[in-house]
Amino acid sequence: MTLPLELRSATLADALGMAQVKVDGWRAAYAEILPRAFLDSLSVEGERAQWESGLSQYPATFRVAVQQQRVIGYVVSGAAVESSDPGEGELFALYVSPEHWGGGVGRRLMDQGVADLRSAGFTTAVIWVFEENQRTRAFYERYGFALKPERRTELGVPVVKYALKLR
């Protein structure tokens, strides 16, 4: 039996749940990509403070996936930060609790994030992903995102850019 899933705008009260999803998700998804010491240094309380600050100050749309009153995923979208193209929106983050991977939550969050960007008038959605993160890259490609030539480094690790035409 599948439990009901609610997608809604995030509130400050969701900061703790979002922090837990991030810490758990990063530790599971990036265990072979980022240094163990870095992943071990992540703290739910530290991330909670970041989310509280972001939710109250950052100009983006924050959505959460909630099941049984527990945040199990989130997506954050808005104007692309590193782009000169005003039509380019970005999915800054899309994470799901590892115990919910493969259950359709990520797809629902992606649909919501893309819809939010489309509603805001963006013509392209972009997302950055660690180059070695094959599982997530395959998810983006199945969704219809195309690999772009842009590359950068985050946390000392190469990341690649994907884009999806919205119109």
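Anything mentioned here points back to the structure above.
Predicted, not measured: the structure shown is a model, and the values here were computed from it. (Residues numbered from 1 in each chain as written. Predicted model: local features only at pLDDT ≥ 70, side-chain atom pairs only at ≥ 80, totals over all residues. Heavy atoms only, no water.)

S.K.: Would you mind showing me how to read the layout of surface pockets here?
M.R.: The gaps of empty space that remain are located by a probe, the size of a water molecule, rolled over the atoms. When its volume is computed, the largest pocket comes out at roughly 1,200 Å³. Lining of the largest pocket is provided by 47 residues; of these, Tyr30, Phe92, Ala93, Leu94 and Tyr95 occupy positions nearest its centre. Those elements giving two or more residues to the lining of the largest pocket turn out to be helix H1 (15–29), helix H3 (44–57), strand S3 (70–79), strand S4 (88–96), helix H4 (105–119), strand S5 (124–130), helix H5 (134–143) and strand S6 (146–154). The element contributing the most residues to the lining of the largest pocket is S4, with seven residues. Counted by class, the lining of the largest pocket contains 26 nonpolar, 11 polar and 10 charged residues. (1 Å grid on protein atoms, 1.4 Å probe; cavity = no way out; pocket = protein on both sides within 12 Å on 5 of 7 lines; lining within 4 Å. Points joined across faces, edges and corners; volume = space filled by probe spheres on them. Helix = DSSP H or I, 4+ residues; strand = E, 2+ residues; numbered from the N terminus. Nonpolar A, V, L, I, M, F, W, Y, C, P; charged D, E, K, R; others polar.)

S.K.: How do you make sense of the pattern of salt bridges when you look at a structure like this?
M.R.: Where charged atoms of side chains with opposite charge meet at close range, the side chains can pair. Counted according to the given criterion, the structure contains 14 salt bridges. Among the ionic pairs, aspartate 116 bridges to arginine 63, the shortest N-O distance being 2.8 Å. Within this pair, whereas aspartate 116 is found in helix H4, its partner arginine 63 is found in strand S2 (residues 61–67), the two being separated by 53 residues in sequence. In terms of burial, aspartate 116 and arginine 63 fall into one category: buried. One salt bridge in this structure joins aspartate 111 and arginine 107, with 3.3 Å as the shortest N-O distance. With aspartate 111 and arginine 107 both in helix H4 and four residues apart, the pair spans about one turn of that helix. Taking the relative accessible area as the measure of exposure, aspartate 111 reaches 33% and is therefore partly exposed. You can call arginine 107 partly exposed: its relative accessible area is 42%. Salt bridges here are not isolated pairs; linked through shared partners, they connect Glu6, Arg8 and Asp14. (Salt bridge = Lys/Arg side-chain N within 4 Å of Asp/Glu carboxyl O. Buried < 20%, exposed > 50% of the residue type's maximum accessible area, 1.4 Å probe, protein only.)

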